[in-house]
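Examination of the molecular architecture
Residues per chain, in single letters:
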Amino acid sequence: MTVLAAGTSAPSFRLARADGEGFTEADLLGRTTVLVFYPFAFSPVCTEQLELYEPVTAELAAPGDALFGVSCDSTWTQSAFREKLGVSSEQLSDFEPKGAACAAFGVLHPGGFAQRALLITGPDAVVRWSYQAPSPGDLPPVDLLRDGLATARSDSERRSTVR
């Protein structure tokens, strides 16, 4: 599987928030949204990734955009992970049915966990930029994420002026 390409509408999906409430494609509307797919809470590379991306989470909050972590871990595991790291990004669970949303986004690893990937949607829930790491152990640098955001935002601006 490969991550959805730019220009693709977000699929129908349901992820769970820490409080058990759903997060769906409707939650992508009206803002730029970064989905950071990662394999396992508390693993070394995932820990480093969320800590590394924390400044980007703060940068996005100012204009009303958002960054979310996504894994196939349970909501309880992700809540503990977020608390332990002290990061502000909300963590979304693809635990039940396990991996269904990851599969819809093209990032379900054959081992049954999220492949390490980044996906950015525009305010219309259309993918503006995406990246899938060559392997789950490869950490995408924060500059790659910032470049992706710049590309996504310029694409969104171009689309809004064309209308």
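Data block above holds the structure.
Let me begin by describing the structure that accompanies this report. (Residues numbered from 1 in each chain as written. Predicted model: local features only at pLDDT ≥ 70, side-chain atom pairs only at ≥ 80, totals over all residues. Heavy atoms only, no water.)

Remarks on the overall build of the protein chain
Each helix and strand in the protein chain was counted, giving four helices and seven strands. The helix and strand sequence of the protein chain, counted from the amino end, reads β-β-β-α-β-α-β-α-β-β-α. Relative to its length of 163 residues, the protein chain is compact, with a C-alpha radius of gyration of 14 Å against a globular reference of 15 Å. Counting only C-alpha atoms, the protein chain reaches 45 × 30 × 30 Å along its principal axes. For the protein chain, with 163 residues in total, the buried portion stands at 48%. In the protein chain, once contacts between residues fewer than 6 apart in sequence are set aside, the share between residues at least 24 apart is 67%. (Helix = DSSP H or I, 4+ residues; strand = E, 2+ residues; numbered from the N terminus. Rg over C-alpha atoms; globule rule 2.2 N^0.38 Å. Buried < 20%, exposed > 50% of the residue type's maximum accessible area, 1.4 Å probe, protein only. Contact = heavy atoms within 4.5 Å.)

Digging into the pairing of strand β6 (residues 117-121)
The buried fraction of β6 amounts to five of the five residues, a majority that puts the element mostly inside the structure. Of the pairings in the sheet, the one linking strand β3 (residues 33-37) to β6 comprises five bridges and is antiparallel in character. Paired with Thr33 across the two strands is Thr121, which belongs to β6. Summarising the sheet, β6 and strand β7 (residues 127-132) pair through five bridges and their orientation is antiparallel. When the bridges of β7 are listed, Leu118 appears paired with Tyr131. Where β6 folds back on β7, the antiparallel hairpin that results is connected by five residues, among which Ala125 adopts a positive phi of roughly 65°. (Pairing = 2+ DSSP bridges.)

Regarding the pattern of salt bridges
Scanning all chains against the criterion turns up five salt bridges. Asp27 serves as the salt-bridge partner of Arg17, at 3.7 Å between the closest nitrogen and oxygen. Taken together, the positions of Arg17 in the loop between β1 (14-16) and β2 (22-24) and Asp27 in the loop between β2 and β3 put the pair 10 residues apart, joining distant regions of the chain. Residue Arg17 is classed as buried on the basis of its relative accessible area, which comes to 19%. A salt bridge links Glu90 to Arg17, with the nearest nitrogen and oxygen atoms 2.8 Å apart. You can see Glu90 sitting in strand β5 (residues 90-93) and its partner Arg17 sitting in the loop between β1 and β2, a full 73 residues away along the chain. Taken individually, Glu90 and Arg17 each receive the classification buried, so the pair is uniform in this respect. (Salt bridge = Lys/Arg side-chain N within 4 Å of Asp/Glu carboxyl O.)

Regarding the packing of aromatic side chains
Under the criterion given, the structure shown has seven aromatic pairs. Ring geometry for Phe13 and Phe105: centres 5.0 Å apart, planes at 65°, overall edge-to-face. In this pair, Phe13 is assigned in the segment before β1 and Phe105 in helix α3 (residues 100-105), connecting sequence segments 92 residues apart. Neither Phe13 nor Phe105 differs from the other in exposure class; each is buried. Where Phe37 meets Phe105, the ring centres are 5.6 Å apart and the plane angle is 50°; that geometry is what we call tilted. Of this pair, Phe37 sits in strand β3 while Phe105 sits in helix α3, placing them 68 residues apart in sequence. Taking relative accessible area as the criterion, Phe37 reaches 0% and is therefore assigned buried. In this structure an aromatic cluster arises from ring pairing among Phe13, Phe23, Phe37, Phe68 and Phe105. (Phe/Tyr/Trp six-rings, centres within 6.5 Å; stacked < 30°, edge-to-face > 60°.)

Regarding the nonpolar core
Membership of the largest hydrophobic core comes to 23 residues, with the highest contact counts inside it found for Phe37, Phe105 and Leu119. Looking at this core, the elements with two or more residues in it are β3, β4 (66-71), α3 and β6. Leave out the neighbours within four places in its chain, and Leu119 touches Val3, Leu4, Thr33, Val34, Leu35, Phe37, Phe105, Val127, Trp129 and Ser130. Of all hydrophobic cores here, the second largest spans 13 residues; its members include Leu118, Trp129, Val142 and Leu145. (Core = buried A, V, L, I, M, F, W, Y, C linked by side-chain atoms within 4.5 Å.)

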